[in-house]
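Geometric and topological summary
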Amino acid sequence: MDVKLKLLNEDTIYEHLFERYSFLQKHAESLKQDLGIVSRSDASLELNFEPPDKKTCHRAETFSFELSQSLSALNSSQDNSNSTTGYVVWTTTPFFLQWLLYSEAGRIFTIGGSIDCEDEPSSSTCEIPAMFSSSSIEIEDQQFHQVIELGCGVCGILGIALGNYVDKYVYTDQKALLNRLKNNIAHNIDELRLRNVTSTTLGFDSRRKTPLQIQIDVLSLDWETFNANPTKIDSLLKPNRTANVSIVSMDVVYNEYLIEPYLKTLSSLLEYYERMGHVPNALLGIQLRDQDVVERFLECAIIDYHLKVYVIMDPVIEVTRFGLYYIKLQ
Ligand SMILES: C[S@@+](CC[C@H](N)C(=O)[O-])C[C@H]1O[C@@H](n2cnc3c(N)ncnc32)[C@H](O)[C@@H]1O
């Protein structure tokens, strides 16, 4: 297994970024130089996911999505005062989904396990809690598995694909784009084949021939105003019983003004779940654009918010323009 984690500290942030950005520079000709929008010309697009090698891959399921996005809303400045970036699909999300479902390293994050960790000057192993439930139907005494997505945008593909394997999935983003997100979820709900779907916010349930259940909901959650006080926290964010809670965020580190509100939201959610006796952790995918923004983000997360930030060092990720980080409380 080639995957390793590297725990960053206030000294190793710079070495990590130097190595990543030197690689990107060296391979500038073969790596796409665009901003990272999946399609800048199509209002509807198709995304397919399948194992790279069907004979050897641990997962056989394939997924096919038809998505609608709004290039005009992306370019409008009035509709949404904070950000209009979520109206289109960004490449970090399909990359992460393909990696999580089908790569050997992604598999450890889905079923849980230990990964070697470089924690300078020594090394150790890090225990990763499972994001996915076991597919056994004797679910009564099993841990509950919940995923919260921050800054999900309109595409909805993570919740539908991962919804096949977890007990509860909550999409969150700014209010203005949630209707378009709901339309994409409804349009693609047949790709959630392995569980019965219930929802209080989508306006429909979906029956399958299995006793397994998933609750999927969509919640307006703005990092600028979020309050994780237990008396204020939205009931949709609460797991039904003791849970592994994975907070996933794809391509939400791109603007230095959003770093602080995003990290305040993330760390207060992690603290809330831990205080309530759950097992929280976070997975963050960053499209490596402006080095200063990523540097500021890592400094703020590690020095100001005292979060443990691990780089996922996997040859599959290293040859791309993405960075994947595993984050937890100290
Ligand atoms: C670059 S887009 C990525 C969208 C989606 N994750 C994807 O990969 O396609 C950044 C996302 O962060 C969300 N965002 C920006 N500011 C936010 C805020 N203050 N609160 C919540 N979400 C925010 C945007 O609405 C948008 O969906």
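Everything below is about the structure shown above.
Residues numbered from 1 in each chain as written. Predicted model: local features only at pLDDT ≥ 70, side-chain atom pairs only at ≥ 80, totals over all residues. Heavy atoms only, no water.

Here we come to the nonpolar core. Formed by 62 residues in total, the largest nonpolar core has its most connected members in Leu5, Phe109, Tyr169 and Ile312. Examining the composition of this core, we find that seven residues originate from one element, helix α3 (residues 92–102), more than from any other. In contact with Leu5, not counting residues within four places along its chain, are Phe109, Ile115, Asp116, Cys117, Glu118, Cys126, Ile128, Tyr310, Val311, Ile312 and Tyr326. Counting 50 residues, the second largest nonpolar core, distinct from the first, contains Leu8, Ile148, Ile247 and Leu258. (Core = buried A, V, L, I, M, F, W, Y, C linked by side-chain atoms within 4.5 Å. Buried < 20%, exposed > 50% of the residue type's maximum accessible area, 1.4 Å probe, protein only. Helix = DSSP H or I, 4+ residues; strand = E, 2+ residues; numbered from the N terminus. Contact = heavy atoms within 4.5 Å.)

One non-glycine residue, Asp251, lies in the positive phi region at around 55°. Within the secondary structure, Asp251 sits in the loop between β10 (243–250) and α7 (256–275). Non-glycine residue His306 carries a positive phi angle of around 55°. Secondary-structure assignment places His306 in the loop between α8 (291–304) and β12 (308–313).

Along the chain, the position of Leu324 falls in strand β13 (residues 322–328). For Leu324, a relative accessible area of 1% corresponds to the buried category. Setting aside residues no more than four positions away along its own chain, Leu324 makes contact with Phe95, Phe96, Trp99, Leu284, Gly285, Tyr310, Val311, Ile312 and Ile317.

Let's shift gears to helix α1 (residues 12–26). The end-to-end C-alpha distance of α1, which contains 15 residues, comes to 21 Å, matching closely the 21 Å that a straight helix rising 1.5 Å per residue would cover. If you check which residues of α1 are buried, you get Thr12, Ile13, His16, Leu17, Arg20, Tyr21 and Leu24. With its buried residues spanning 155° around the axis, α1 presents them on a single face. Those residues of α1 that are exposed and aimed more than 90 degrees away from the buried face are Phe18, Gln25 and Lys26. (Expected span 1.5 Å × (residues − 1). Arc of directions from axis to C-beta.)

Right, let's talk about the layout of surface pockets for a bit. By volume, the largest pocket amounts to about 450 Å³. If you trace the largest pocket, you find 29 residues lining it, with Ser83, Thr85, Gly86, Asp251 and Tyr254 closest to the centre. Each residue belonging to the lining of the largest pocket can be placed in one class, and the counts come to 14 nonpolar, nine polar and six charged. As a volume, the second largest pocket reaches approximately 270 Å³. (1 Å grid on protein atoms, 1.4 Å probe; cavity = no way out; pocket = protein on both sides within 12 Å on 5 of 7 lines; lining within 4 Å. Points joined across faces, edges and corners; volume = space filled by probe spheres on them. Nonpolar A, V, L, I, M, F, W, Y, C, P; charged D, E, K, R; others polar.)

With that settled, the discussion passes to the packing of α3 against helix α4 (residues 104–111). α4 packs onto α3 with a crossing angle of 80° between their chain directions and a minimal axis gap of 5 Å. By the angle between their axes, α3 is roughly perpendicular relative to α4. Residue-level contacts link Trp99, Leu100 and Tyr102 of α3 to Glu104, Ala105, Gly106, Arg107, Phe109 and Thr110 of α4. Taken together, the residues that form the contact of α3 with α4 break down as five nonpolar, two polar and two charged. (Axes fitted to C-alpha atoms, helices over the stretch in contact; angles between N-to-C directions. Parallel < 35°, antiparallel > 145°, perpendicular 65-115°, else oblique.)

Shape descriptors only; they carry no functional weight alone.
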